Amino acid sequence: MNENTRSDGAGQAYSRIYNRRLIFELLHQAGPLSRVDIADRIGLKPQTISGITRELLTQGLIHEVGKSVGQRGQPQTYLAPNPDAGYSLGMHVDQGRISIVLGDLLLNIRQRIEWVGETTDPAATTTVMAQLAESMILESGIEKQKIWGIGLVLPTLNADTYEAEMTMPGWDLWRGFDVAGKLGALLDLPVLMENDATAAAMAELFSHPGTPPRNAVLVYIGYGTGAGIVVDGMPMKGARGNAGELGLLPLPLCLPDSPGGVIDDQLSLHAIARMLHCPVAELTPEAIGTMHASRDSTLMHWMETATKTLRFLVAIIETAFDPETILLSGGFPESVLAALVERAYPLLPSLSASRDRELPRLTTATLLTDGPVIGGMTLPVFVNTKPDFRHLYIRQVGSDERPFDHR
């Protein structure tokens, strides 16, 4: 007998919390729905659904959005999440740039801030982040207690426990700095951290038009190259939260024209900066877009070498994870990402090259430069509502208390 079926008080409380989250998740993903629709989809007893939806209505987490018209029998009331029941902040810190969005419970962006400035000093940057967030919250008129947390996204491993040097250029001072702890203390809000590739994959997962793929990999090209891996509809974290750091893979010398080194040496903003002999901070999406429009010879040369590396990386991903599709995103304009995808074809042979495919093997992501910050915004919402999402971040959230379960 497991926790869901135990008859003692603890088991009943666990079952009630789980069922609340299950119903709310269904409404969040597929609402508006009637109570009959909910029963048909998740199989709970009508009295259980009635009791839980009554609680959620009383607490303001869901609301009634209309009744059925022209159908036989008693009209059905349709329920949906109340977007104003909770809010979250998404923060993406990149070299020389901070992006912050404030979203509601349905992940609608209510406000956003783009800040450009020096970000090499972690303490000073964290202070700026806190000031920007406080200003945004004040301007929004939203009470801070209604904000469920902050999803902080950084393009770095941010650790000092590795035997090899893992810090990317420009992030040296961030190594070992407890940015989540410092930011949480300044704002008095819980902070969840994620890397940019996984955050971008999560944004795709929850913002995808129609039915999102259950198994996909998002390759994010920024200062380095990472991958957000989605397995059975859930982001793959790994034992230490480092799953998807594919930029650290060595390039085999047996490949034609292989320069050796690692994937980051060829498929990254640093690779372009090295070829241009310019600071990587100057390579904004706007600057790269201008170079691409004028067919800058150096950028064209980088795209040629980067495409070979991307083709090799796609073959590794397809062999290791067997995804439905691979999405390309990063700190580039859509024109460059689309050109990289087009140049990568024909891809190397793999088991993914099947005749009955419904999705392309490699394509651009739906959300491009906004992916990481929107993915960060999703973290506090889904860690507090989805039944199977929280355990992925248990090292960060600590206590089992959740805004959703204790309102």
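This one's a predicted model, so the numbers in the text were calculated from it and none came from an experiment. (Residues numbered from 1 in each chain as written. Predicted model: local features only at pLDDT ≥ 70, side-chain atom pairs only at ≥ 80, totals over all residues. Heavy atoms only, no water.)

Novice: Describe the packing of helix α2 (residues 35-42) against helix α3 (residues 46-58), listing the residues and the values that go with them.
Specialist: At a minimum axis separation of 10 Å, α2 and α3 run at an interaxial angle of 125 degrees. Here α2 lies oblique to α3, going by the angle between them. For the pair α2 and α3, the sense of crossing is right-handed. Here Arg35, Ile38 and Ala39 of α2 lie close against α3, whose contacting residues are Ile49, Thr53 and Leu57. In terms of residue class, the contact of α2 with α3 is built from four nonpolar, one polar and one charged. (Axes fitted to C-alpha atoms, helices over the stretch in contact; angles between N-to-C directions. Helix = DSSP H or I, 4+ residues; strand = E, 2+ residues; numbered from the N terminus. Parallel < 35°, antiparallel > 145°, perpendicular 65-115°, else oblique. Left-handed = near helix turned anticlockwise from the far one by under 90°. Contact = heavy atoms within 4.5 Å. Nonpolar A, V, L, I, M, F, W, Y, C, P; charged D, E, K, R; others polar.)

Novice: Could you give an account of the pattern of salt bridges, naming the residues involved and the relevant values?
Specialist: Across all of its chains, the model carries 10 salt bridges by this definition. We note a salt bridge from Glu114 to Arg97, for which the minimum N-O separation is 3.9 Å. Here the residue Glu114 occupies a position in strand β6 (residues 109-116), and Arg97 occupies one in strand β5 (residues 97-104), the gap between them amounting to 17 residues. On the basis of relative accessibility, which here comes to 40%, the residue Glu114 falls in the partly exposed class. (Salt bridge = Lys/Arg side-chain N within 4 Å of Asp/Glu carboxyl O. Buried < 20%, exposed > 50% of the residue type's maximum accessible area, 1.4 Å probe, protein only.)

Novice: I'd like a description of the sheet that holds strand β4 (residues 87-94), backed by residues and values.
Specialist: Reading across the sheet, the five strands line up as β6-β5-β4-β7-β8 and stay open at both edges, with mixed pairing between neighbours. Where the open sheet ends on each side, the last strands, each with one partner, are β6 and β8 (191-195). With direction set aside, neighbouring strand axes in the sheet form an average angle of 15 degrees. Judged from the seven bridges that link them, β5 and β6 form a sheet pairing that is antiparallel. Bridged to Ile98 within β6 is Trp115. (Pairing = 2+ DSSP bridges.)

Novice: Go over the sheet that holds strand β1 (residues 33-34) with me, naming the residues and quoting the values.
Specialist: Taken together, the three strands give an open sheet; going across it, the order is β1-β3-β2, and neighbouring strands pair in antiparallel fashion. Strand pairing shows two members of the sheet lacking a second neighbour, β1 and β2 (62-67), which therefore form its edges. With five bridges connecting them, β2 and strand β3 (residues 77-81) associate as antiparallel partners. When the sheet's bridge partners are listed, Gly66 is paired in β3 with Tyr78.

Novice: So, the packing of helix α6 (residues 196-207) against helix α11 (residues 371-385): which residues are in play, and what are the values?
Specialist: At a closest axis distance of 7 Å, the pairing of α6 and α11 adopts a crossing angle of 70 degrees. Comparing their axes, α11 and α6 come out roughly perpendicular. Here Asp196, Ala199, Ala200, Met202, Ala203, Phe206 and Ser207 of α6 come into contact with α11, specifically with Gly371, Pro372, Ile374, Gly375, Gly376, Thr378, Leu379 and Phe382. Grouping the constituent residues of the contact of α6 with α11 by class yields nine nonpolar, five polar and one charged.

Novice: Any details on the nonpolar core? Residues and values, ideally.
Specialist: Trp302, Phe332, Leu340 and Phe389 are the most contacted members of the largest nonpolar core, which totals 84 residues. Of the residues forming this core, the biggest block, 10 residues, is contributed by helix α9 (residues 297-321). Once you skip the residues sitting within four places of it in the chain, Phe389 turns out to touch Met202, Phe206, Met234, Pro235, Leu379, Phe382 and Val383. Listed in part, the 30 residues of the second largest apolar core include Ile100, Leu132, Trp174 and Ala180. (Core = buried A, V, L, I, M, F, W, Y, C linked by side-chain atoms within 4.5 Å.)

Novice: Run through the environment of Thr53, naming residues and quoting values.
Specialist: Tracing the backbone through its elements, the reader meets Thr53 in helix α3. The buried category is assigned to Thr53, whose relative accessible area is 0%. Considered as a pair, Thr53 and Phe24 are 29 residues apart in the sequence and their alpha carbons are 8.7 Å apart. Among the polar contacts made by the side chain of Thr53, one reaches the main-chain carbonyl oxygen of Ile49 at a distance of 2.8 Å. (Polar contact = N/O pair within 3.5 Å; in protein donor to acceptor, adjacent residues only side chain to side chain.)

Novice: Let's hear about the confidence of the model for the chain: which residues, and what values?
Specialist: Low pLDDT marks regions whose predicted coordinates should not be analysed in detail. Of the residues in the chain, 85% reach a pLDDT of 70 or more, and the chain-wide mean stands at 85. This model gives residues 1-10 a pLDDT under 50, and the stretch forms nine contacts once residues within four places in sequence are excluded. (pLDDT = per-residue confidence, 0-100.)

Novice: Kindly report on the packing of aromatic side chains, identifying the contributing residues and their values.
Specialist: A complete count under the given rule lists two aromatic pairs for this structure. Ring centres of Trp174 and Phe177 lie 6.2 Å apart, and the angle between their planes is 80 degrees; on these two criteria the pair is classed as edge-to-face. Relative to Phe332, the ring of Trp302 lies with its centre 5.6 Å away and its plane at 10 degrees, an arrangement referred to as stacked. With Trp302 in helix α9 and Phe332 in the loop between β12 (325-330) and α10 (334-344), the pair connects residues that are 30 residues apart, well separated along the chain. (Phe/Tyr/Trp six-rings, centres within 6.5 Å; stacked < 30°, edge-to-face > 60°.)

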